Amino acid sequence: MDVGSVLSGFAVVFEPQNLLYCVIGVTLGMLVGVLPGLGPAATIAILLPITYNIEPTPAVIMLAGIFYGAQYGGTITSVLLRLPGEASTVVTALDGYQMARQGKAGSALGIAAIGSFIGGTASIILLTLIAPLVADAALEFGPAEYTVLALIGILLVATLGNGALIKSVTAAGVGLLLATVGLDPLMGSPRFTFGSDQLADGIDFVIVAMGLFGVGEILYNLEHRLRPQPAVLSFGRAIPRRMEWLASRMAILRGSVIGFVLGVLPGGGATMSSLVAYAVEKRAAKDSSRFGKGAIEGVAGPESANNAAATSSFIPLLTLGIPANATMAVLFGALLLQGIPPGPQLIVDHPDVFWGVVNSMYLGNLILLLLSIPLIGVFVRLLRVRAGILAPLTVLVTMIGVYSIRNNAFDMFLVIALGILGYGMKKLGFEPGPFVLAFVLGKLLESSFRRSMRLFDGDVLGFFRRPVSAVLVAVLLITIVVVPVLRMVRSRQAARIAREPSQV
Amino acid sequence: MTVDQSAPAEVSEQPDEDGPLRGGPVLGAVAGAIPVALGLATLWYARGLGFGRLGDPGPGLWPSIVAVLLVFAGAVIAARARVARDTEAFTRGTAAVVIGAASLAVYTYLFELVGFEIPTVLLLALWLRFLGGESWRVTAVISVLATAGAYALFIIGLGVPLPHLIGG
């Protein structure tokens, strides 16, 4: 590893402009984690046009901050309202809310923030050590390897998502199809453009992300909005007691490791790791009956895990150019917009961007720790912001943002159409995540597939003959077998978690 | 307290009266029919693009592979329509979604015609008062302030050439 470029990354972080965007990013992340409705993927998608005008490093630092910041913010609603803002904080609600009812909300929030900080920071250190090695190995990859890698990425995201497997695969299929609109990547002939000049260049990723995640989510929330807001439980300061810290330090350690390992896997890394961490803590405890009744380890473990996973999920994106989850797919788009293709070349060609972004996460986590302990009251007050006011403002920023990409009203109509598609998909049980991910990887997958087929002269078995691609094919086959098993374990776990409160 | 086991993500204290209502088998079948139709249409269209051969794939080959996957997956979804419980019924709330989407389309149309200020105030007012149920006072204050804010951010701050009336 080149220590010099790691250190110069810190110099990049402390440039005033980058510091500012890091603060903006993590604060926005906390906000969207706390506020109902929009998740981090939608927020990043909506802000993409605005980042056009910012330089690559600060832009990506800010967008990354939104992603891991939302993990901190989501905890607040889980503990205080029992309404998990993010899927990855669902298990936190279980013991966290019970703690809050016993008047220990401050301890729960405090330990969650400390656990998140430790998990996140440990994960950055591991990322720093591992990412360059992965990128180095990936430099040797040819079209055959990328074909298999893209397939693994799409398959894992489709299968580790929350919806029915077959529906996620279908959503991914439609995403792949939409990616073929425009000019043929090898021949240059138009496909599926239906004679429209506007479609000849293909559909911009930003518009797809903004339509499905942004407008689609806003429309979906219009239908479900009229829910009464439960009362916020009051609490003192968000600081755990000494005893509580002693009880949860091992949980934080275990959670961090689980989170890092599972986060690297494409798919529901953060969600999956929080569930696994909860299960591990329950097993490790001397008296597991405390769980579900306010056990602090049940907050500390999963919260450390989901933050560690959020950080390590950057590895596949930054080293292979394969996004590990829906939010990473949007960040993939952000990097492309800036003219920086994510992949093994990134660390060599743009060390300032790579190390600047990675090292900014140390600072980001530190700021988030400050935001979640001394300043937590400010964010708790935001729980009172009404969705009725938030929705019109986000929709306005989205629509004008879309226009600003190409100064083109056609794109606005396209984003509305994609928003309706996203809404319809959610109603019919299809997740937008696999769709957007497949759309992102579609061009890469098609062109690598076609190049490989030419290389192998039409022999599909060629994928098995190159050593690296053969290993990857083996990984692909293993995932096809392992993933359904993992899903089964997870749904049993989730069912048990759902049942638990009834035993109180 | 009982919690619906098939929806582990929902851990709110009170059972939601207006929470998502499950769709029936018809909606489930529609969810399968759409990918099948899309796949067949793609196959038909891709035929005209040329498949080439495996050793030298033409522009139509890849879309056709994806289309076959869609037809197959859609058929499986349709076959499971009776047992699947993952669709959401359309309810009275759907009207708000239709109005919301239509208002965005009208906004986009007016936006180029008369500049962004007036349509923006109207769009915000519609969403705040009628879709959001805010009071007239909140509606008036926020729609005007937010329009001014958007003007400041996009036109003055970011230099986006939005069609606008004020300030030429």
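Residues numbered from 1 in each chain as written. Chains lettered and ligands numbered in written order. Predicted model: local features only at pLDDT ≥ 70, side-chain atom pairs only at ≥ 80, totals over all residues.

### Quick look at the overall build of chain B
Reasoning step 1: When you go through chain B residue by residue, the secondary structure sums to 5 helices and 2 strands.
Reasoning step 2: Helices and strands appear in chain B in the N-to-C order α-β-β-α-α-α-α.
Reasoning step 3: When burial is assessed residue by residue, chain B has 32% of its 168 residues classed as buried.
Reasoning step 4: Long-range contacts, defined as pairs at least 24 residues apart, comprise 58% of the intrachain contacts of chain B with a sequence gap of at least 6. (Helix = DSSP H or I, 4+ residues; strand = E, 2+ residues; numbered from the N terminus. Buried ≥ 20, exposed ≤ 12 C-beta atoms within 10 Å, placed from the backbone. Contact = placed C-beta atoms within 7 Å.)

### Notes on the overall build of chain A
Reasoning step 1: Of the regular secondary structure elements, chain A holds 22 helices and 2 strands.
Reasoning step 2: For chain A, whose C-alpha radius of gyration is 22 Å, the value lies close to the compact-globule estimate of 23 Å for 504 residues.
Reasoning step 3: Taking the principal axes of its C-alpha atoms as reference, chain A extends roughly 65 × 50 × 45 Å.
Reasoning step 4: Residues classed as buried in chain A amount to 62% of the 504 residues present.
Reasoning step 5: Look at the contacts in chain A between residues 6 or more apart in sequence, and 80% of them connect residues 24 or more apart. (Rg over C-alpha atoms; globule rule 2.2 N^0.38 Å.)

### Thoughts on the domain arrangement of chain B
Reasoning step 1: Per the domain assignment, the segments of chain B are domain 1 (25–79) and domain 2 (94–157).
Reasoning step 2: If you average the C-alpha positions of domain 1 of chain B and of domain 2 of chain B, the two centres end up 40 Å apart. (Domains from an automatic or database assignment.)

### As for the packing of helix H9 (residues 205–224) of chain A against helix H19 (residues 409–427) of chain A
Residue and element names in this part refer to chain A.
Reasoning step 1: Where H9 meets H19, the axes come as close as 7 Å, and the angle between the chain directions of the two elements is 55 degrees. Taken together, the axis directions place H9 and H19 in an arrangement best described as oblique. Two packed elements cross with a definite hand, and for H9 against H19 that hand is right-handed. When H9 is examined against H19, the residues Ile207, Val208, Met210, Gly211, Leu212, Val215, Gly216, Leu219 and Tyr220 are found in contact with a partner set consisting of Asp411, Leu414, Val415, Ile416, Leu418, Gly419, Leu421, Gly422, Tyr423 and Lys426.
Reasoning step 2: Its residues placed into classes, the contact of H9 with H19 shows 13 nonpolar, 4 polar and 2 charged. (Axes fitted to C-alpha atoms, helices over the stretch in contact; angles between N-to-C directions. Parallel < 35°, antiparallel > 145°, perpendicular 65-115°, else oblique. Left-handed = near helix turned anticlockwise from the far one by under 90°. Nonpolar A, V, L, I, M, F, W, Y, C, P; charged D, E, K, R; others polar.)

### Side note on helix H11 (residues 269–284) of chain A
Reasoning step 1: A rise of 1.5 Å per residue sets the reference length of H11(A), with its 16 residues, at 22 Å; its end C-alpha atoms lie 22 Å apart and thus fit the reference within 8%.
Reasoning step 2: With 13 of 16 residues buried, H11(A) is to be regarded as a mostly interior element. (Expected span 1.5 Å × (residues − 1).)

### A short note on unusual backbone geometry
Most peptide bonds adopt trans geometry, and most residues besides glycine take a negative phi value.
Residues and elements named next belong to chain A.
Reasoning step 1: With phi around 50 degrees, Phe192 is a residue other than glycine that occupies positive phi space.
Reasoning step 2: With respect to the secondary-structure elements, Phe192 resides in the loop between strand E2 (190–191) and H9.
Reasoning step 3: Residue Phe192 is classed as partly exposed on the basis of its 18 C-beta neighbours within 10 Å.
Reasoning step 4: In this structure, Asp457 is a non-glycine residue whose phi angle is positive, near 55 degrees.
Reasoning step 5: With respect to the helices, strands and loops of the structure, Asp457 is situated in the loop between helix H20 (432–455) and helix H21 (462–465).

### Re the packing of H9(A) against helix H18 (residues 387–406) of chain A
Residue and element names in this part refer to chain A.
Reasoning step 1: Put simply, H9 and H18 touch, their axes get as near as 10 Å, and they point 160 degrees apart. Judged by the inter-axis angle, H9 sits roughly antiparallel to H18. As H9 packs across H18, the resulting crossing turns out to be left-handed. Between H9 and H18, the contacting residues are Val206, Ile207, Met210, Gly214, Val215, Ile218, Asn221 and Leu222 on the first element and Ala387, Ala391, Thr394, Val395, Thr398, Val402 and Ile405 on the second.

### Digging into helix H3 (residues 40–51) of chain A
Residue and element names in this part refer to chain A.
Reasoning step 1: Between its first and last C-alpha, H3 extends 15 Å over 12 residues, near the 16 Å set by a 1.5 Å rise per residue.
Reasoning step 2: In terms of burial, H3 is largely enclosed, as 11 of its 12 residues are buried.
Reasoning step 3: Turning to H3, its buried residues number three or more, namely Pro40, Ala41, Ala42, Thr43, Ile44, Ala45, Ile46, Leu47, Leu48, Pro49 and Thr51.
Reasoning step 4: Tucked inside the fold, the buried residues of H3 contact helix H2 (16–34), helix H4 (56–81), H9, helix H14 (326–337) and H18.

### Some words on the nonpolar core
Reasoning step 1: Among the nonpolar cores identified, the biggest contains 207 residues, and Ile44(A), Ala45(A), Leu63(A), Ala209(A), Met210(A), Leu331(A) and Val436(A) are the most heavily contacted of them.
Reasoning step 2: Each of two domains, domain 1 (25–79) and domain 2 (94–157) of chain B, supplies a minimum of three residues to this core. (Core = buried A, V, L, I, M, F, W, Y, C linked by C-beta atoms within 7 Å.)

### Observations concerning the interface of chain A and chain B
Reasoning step 1: Contact with chain A, which involves 66 residues of that partner, is made by 68 residues of chain B.
Reasoning step 2: Secondary-structure elements contributing two or more residues to the side of chain A that touches chain B are helix H5 (90–101), helix H8 (165–179), H9, H18, H19, H20 and helix H22 (467–499) of chain A.
Reasoning step 3: Sort the elements by how many residues they give to the side of chain A that touches chain B and H18(A) lands first, with 11 residues.
Reasoning step 4: Taken together, the residues of the side of chain A that touches chain B break down into 40 nonpolar, 14 polar and 12 charged.

### Looking at the confidence of the model for chain A
Low pLDDT means the predicted coordinates in that region are not meant to be read closely.
Reasoning step 1: The predicted model of chain A averages 85 in pLDDT, with 92% of residues at 70 or higher.
Reasoning step 2: Predicted confidence in chain A is weakest over H22(A), with a mean pLDDT of 74, and strongest over H19(A), with 93. (pLDDT = per-residue confidence, 0-100.)

### Structural notes on the environment of Val66(B)
Reasoning step 1: Mapping Val66(B) onto the fold places it in helix H2 (residues 61–79).
Reasoning step 2: By C-beta crowding, Val66(B) is classed as buried, having 28 other C-beta atoms within 10 Å.
Reasoning step 3: The spatial distance from the C-alpha of Val66(B) to the C-alpha of Gly39(B) is 7.7 Å, given a sequence separation of 27 residues.
Reasoning step 4: Aside from chain neighbours lying at most four places away, what touches Val66(B) is Gly173(A), Leu176(A) and Leu177(A).

### Observations concerning the environment of Trp44(B)
Reasoning step 1: In this structure, Trp44(B) sits in helix H1 (residues 25–47).
Reasoning step 2: Residues Trp44(B) and Ala152(B), spaced 108 residues apart in sequence, show a C-alpha to C-alpha distance of 49 Å.

### Quick notes on the confidence of the model for chain B
Reasoning step 1: Taken residue by residue, chain B gives an average pLDDT of 82. The fraction at 70 or more is 88%.
Reasoning step 2: With a pTM of 0.83, the predicted complex shows an ipTM of 0.86.

### Some remarks on the environment of Trp355(A)
All names here are of chain A.
Reasoning step 1: By secondary structure assignment, the location of Trp355 is in helix H16 (residues 351–372).
Reasoning step 2: Assessed through the 26 C-beta atoms surrounding it within 10 Å, Trp355 is described here as buried.
Reasoning step 3: Measuring from C-alpha to C-alpha, the distance between Trp355 and Leu335 comes to 14 Å, with 20 residues separating the pair along the chain.
Reasoning step 4: In contact with Trp355, other than residues within four places in its own chain, are Ser5, Val6, Ser8, Gly9 and Val12.

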